[in-house]
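Coordinate analysis (summary)
If you want the building blocks of each chain, they are given just below.
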Amino acid sequence: MTNAVPQQSRARFDRWGPWALLAAGAVAAALSARPVGMDRTATAVSAVLVAAAAVLQGCWARLKRRRPGPSRTGVCLYVLRWANGFVLTWINPFFAFYAVTGYYTASVDLPRRLVLPGLFLTAVTMAGSEVGGWPPHGPVLWLGFLLVLAVNMVMVAVFTQYAEQEQARALVQAGTIAELERTNTALEQALRENAALHDQLLVQAREAGVADERRRLAAEIHDTIAQGLTGIIAQLQVVANAPDLATARTHLERASRLARHSLGEARRSVHNLAPVALAADGLPEALRKTVGEWGERTGVRARFTVTGTVEQLHDEVSATLLRIAQEALSNAARHARASRVGVTLSFMGDEVTLDVRDDGAGFDPAAAAPRTRAGGFGLDGMRARAERIAGSLAVESEPGHGTAVSARVPLVRDDR
């Protein structure tokens, strides 16, 4: 937009400037005809040449509309206009108003190699006008003519150099503006793509959050309600076969405690709270109670051990290890037919490990069946819990030689 105004002004001058200068020269020559000594013949010749200059300018205008820029026809027209202006200036120096047009049109109408010769021809005409008209009379006027011509050529060279530098800067500026426009277009396109990508990422993040919450609830339900119901069923089966009322009442009380515990865990799972066992105790004490209650409920000899310097762990780390221990104990109760189970919690520098070992039937880990709708989360669920907090889970087992489950997670302290 900044370059548009100068370009429009130059276009108007190229169109109407030569006409205005021709008119100014004709008026000045007419007013000065008697002082400069023009006779009737000179006046008639100048009138014919002015008319020829008008016709020439009209032809030039039509040519420029069809073929803008330098051309052979344009060179011929430039030379004809210079010759016309030279003769008119010879007749009357005031026709230099028209001859000066060559200074402004040489760089537009002539090829680059002919610009300086064209400017030199115009400078010759202008220098002759400035010393009083053609031809100079006497050595002094010729010397003055050469001096004025030299000054004109120096000024032409200087202004031509400035014009070329300005044109070069304009070309660089135009290229820079074009590059900026391309960059802005690319940037706008990138912003639109980023906005679309941002919307897509929001949708994916929302879907991932929903899926993660579903997995969390599924795992929590499995670790609380499903295991609780399994324990209740086991206690009720004992009640059904109890030899006396006292034994039945004992197992009914255990089933009732399991039901209340499972209900509390289910409520805490829905609100994403820490397990009930961790509400009042740290992880070591919660594991100790969990292992003790499990051994009492199943009749299996269970032992819990803590090694290393006990640290207060972050709630998420404690809840993860407790859930893994509960799932491992549940698997041992359902599948292992073990007589002894050992649970070890080890604090080792920047890591915490949980090991659950039994002397049960064991299995082949490579041939373990995948989780089905009828089954639990099992090893996959424990491994997913460990990996969720940048940990890992390893299982070692062999048919007839028991099972060892080892969870290793970072030791993240509770900052509270």
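Residues numbered from 1 in each chain as written. Predicted model: local features only at pLDDT ≥ 70, side-chain atom pairs only at ≥ 80, totals over all residues. Heavy atoms only, no water.

1. Looking at the nonpolar core
The cut-off we apply is this: Put simply, a nonpolar core is a bunch of buried Ala, Val, Leu, Ile, Met, Phe, Trp, Tyr and Cys residues held in one set by side-chain atoms that sit within 4.5 Å of each other. Only protein chains enter the accessibility calculation, which uses a 1.4 Å probe; a residue whose area is less than 20% of its type maximum is buried, one above 50% is exposed, and one in between is partly exposed. Only runs of H or I of at least four residues qualify as helices and only runs of E of at least two qualify as strands under DSSP, and these elements are numbered from the N terminus. In this analysis, two residues are considered to be in contact whenever any of their non-hydrogen atoms come within 4.5 Å of each other.
Formed by 36 residues in total, the largest nonpolar core has its most connected members in Leu321, Leu345 and Leu354. Those elements that place two or more of their residues in this core are helix H11 (283-298), helix H12 (315-336), strand S2 (340-348), strand S3 (351-358), helix H13 (378-388), strand S4 (392-397) and strand S5 (403-410). Leu321 has contacts with Leu283, Leu313, Leu345, Val352, Leu354, Ala407 and Val409, leaving out every residue within four places of it along the chain. Of all hydrophobic cores here, the second largest spans twelve residues; its members include Ala33, Met38, Ala42 and Ala53.

2. Re the sheet that holds S3
Put simply, the rule is: Should DSSP find at least two bridges between two strands, the strands are regarded as paired. Here the axes come from fitting lines to C-alpha atoms, over the contacting stretch only for helices, and the angles between their N-to-C directions go from 0 to 180 degrees.
Strands sit in the order S1-S2-S3-S5-S4 across an open sheet of five strands; the sheet is mixed. Looking at strand neighbours, the two that pair on one side only are strand S1 (301-307) and S4, the edges of this open sheet. Between one strand axis and the next, the sheet turns through 10° on average, direction left out of account. Bridge count between S3 and S5: eight bridges; the pairing is antiparallel. Along S5, the bridge assignment pairs Asp355 with Ser406. Across the face of the sheet, H11 comes into contact with S1, S2 and S3 while running at roughly 170° to S1. On the sheet, H12 packs against S2, S3, S4 and S5 and is oriented at approximately 10° with respect to S3.

3. A short note on a positive patch on the surface
Our working definition: Only residues above 30% relative accessible area that lack a salt bridge enter a patch, with like-charged residues linked at up to 9 Å and the nonpolar side chains Val, Leu, Ile, Met, Phe, Trp and Tyr linked at up to 5 Å. Computed with a 1.4 Å probe, the accessible areas rest on the Shrake-Rupley method; for each residue, only the protein chains presented here act as cover. Take a side-chain nitrogen of Lys or Arg and a carboxyl oxygen of Asp or Glu: if they are within 4 Å of each other, that pair is a salt bridge. Think of it this way: Lys and Arg go in the positive column, Asp and Glu in the negative one, and His and the chain ends go nowhere. Note that the charge is assigned to NZ on lysines, CZ on arginines, CG on aspartates and CD on glutamates.
On the surface, Arg15, Arg62, Arg65, Arg66 and Arg67 cluster together into a patch of positive charge. Here the positive patch gets three residues from one element, more than from any other, and that element is helix H3 (residues 40-66). By secondary structure assignment, the location of Arg66 is in helix H3.

4. Digging into unusual backbone geometry
Backbone geometry places Arg337, a non-glycine residue, at a positive phi of 55°. In this fold, Arg337 is placed in the loop between H12 and S2. In this structure, Ala390 is a non-glycine residue whose phi angle is positive, near 65°. With respect to the helices and strands, Ala390 occurs in the loop between H13 and S4. Residue Ala390 is classed as exposed on the basis of its relative accessible area of 63%.

5. Overview of the pairing of S1
For the record, the criterion: Here, the term right-handed applies to a crossover whose path from the first strand over the helix to the second runs clockwise when the strands point away from the viewer.
In this sheet, S2 lies alongside S1 in parallel orientation, the contact comprising seven bridges. Bridging from a neighbouring strand, Thr307 pairs with Ser346 of S2. Each parallel crossover has a hand, and for S1 linked through H12 to S2 it is left-handed.

6. Some points on the pattern of salt bridges
All told, the structure shown has seven salt bridges when counted by the stated rule. The residue Glu285 makes a salt bridge to Arg288 at a minimum N-O spacing of 3.7 Å. Placement of the pair is Glu285 and Arg288 together in helix H11, with a separation of three residues, close to one helical turn. With its nearest N and O atoms 3.7 Å apart, the salt bridge here joins Arg340 to Asp359. Here Arg340, found in strand S2, pairs with Asp359, found in the loop between S3 and H13; they are 19 residues apart in sequence, far enough to count as distant.

7. Concerning helix H7 (residues 112-130)
As a reminder, the rule being used: Here, expected helix span is obtained from the residue count minus one, scaled by 1.5 Å.
With 19 residues, H7 extends 28 Å between its outermost C-alpha atoms, agreeing within 8% with the 27 Å of an ideal straight helix rising 1.5 Å per residue. Residues of H7 that are buried include every one of Val115, Gly118, Leu119, Thr122, Ala123, Val124, Thr125, Met126, Ala127, Gly128 and Ser129, and no others. Phi turns positive one or two residues past the end of H7, at Gly132, with a value near 115°.

8. Re the environment of Ala366
Within the fold, Ala366 resides in the loop between S3 and H13. Residue Ala366 is classed as exposed on the basis of its relative accessible area of 77%. Taking the C-alpha atoms as reference points, Ala366 and Ser397, separated by 31 residues in sequence, lie 9.8 Å from one another.

9. Looking at the environment of Lys64
If you trace the backbone, Lys64 turns up in helix H3. Along the primary structure Lys64 and Arg15 are separated by 49 residues, whereas in three dimensions their C-alpha atoms are 9.4 Å apart.

10. A word on the packing of helix H6 (residues 101-109) against H7
Just so we agree on the cut-off: The cut-offs work like this: below 35 degrees is roughly parallel, past 145 is roughly antiparallel, 65 to 115 is roughly perpendicular, and the gaps in between are oblique.
Interaxial distance between H6 and H7 falls to 9 Å at its minimum, and their mutual angle equals 175°. With respect to H7, the axis of H6 lies roughly antiparallel. Taking contact as the criterion, the partners of Gly102, Tyr103, Ala106 and Ser107 in H6 are, on H7, Val115, Leu119, Thr122, Ala123 and Met126.

11. Considerations on the packing of aromatic side chains
Test applied: For Phe, Tyr and Trp, rings pair up if their centres lie within 6.5 Å, where Trp contributes its six-membered ring, and each pair is then called stacked (planes under 30 degrees apart), edge-to-face (over 60) or tilted (otherwise).
Across all of its chains, the model carries two aromatic pairs by this definition. Here the aromatic rings of Phe86 and Trp90 are separated by 5.9 Å at their centres, their planes lie at 65°, and the arrangement is edge-to-face. Taken together, the residues Phe86 and Trp90, both in helix H4 (residues 72-91) and four residues apart, mark about one turn of the helix. Looking at Phe86, the relative accessible area reads 17%, which means it is buried.

12. Overview of H4
Here H4 spans 29 Å end to end across 20 residues, near enough to the 28 Å set by a 1.5 Å rise per residue. Of the positions making up H4, those classed as buried are Gly74, Val75, Leu77, Tyr78, Arg81, Asn84, Gly85, Phe86, Leu88, Thr89 and Ile91.

13. Details of the side chain of Thr353
Considering the arrangement of structural elements, one finds Thr353 in strand S3. Ignoring any residue separated from it by four or fewer positions in sequence, one finds Thr353 in contact with Thr344, Leu345, Ser346, Met348, Ala407 and Arg408.

14. Digging into the packing of H11 against H12
For clarity, the cut-off: Rotating anticlockwise by less than a right angle from the far helix to the near helix defines a left-handed crossing, while the corresponding clockwise rotation defines a right-handed one. Polarity classes work like this: nonpolar for Ala, Val, Leu, Ile, Met, Phe, Trp, Tyr, Cys and Pro, charged for Asp, Glu, Lys and Arg, and polar for all others, with Gly in that last group.
Relative orientation of the contacting elements H11 and H12 amounts to 15°, with a least axis distance of 10 Å. By the angle between their directions, the pair H11 and H12 is classed as roughly parallel. Crossing handedness for the pair H11 and H12: right-handed. Every residue of H12 that contacts H11 at Leu283, Ala286, Leu287, Thr290, Val291, Trp294 and Thr298 is listed here: Ser318, Leu321, Leu322, Ala325, Gln326, Leu329, Ser330, Ala332 and Ala333. Looking at the contact of H11 with H12, its residues break down into eleven nonpolar, five polar and no charged.

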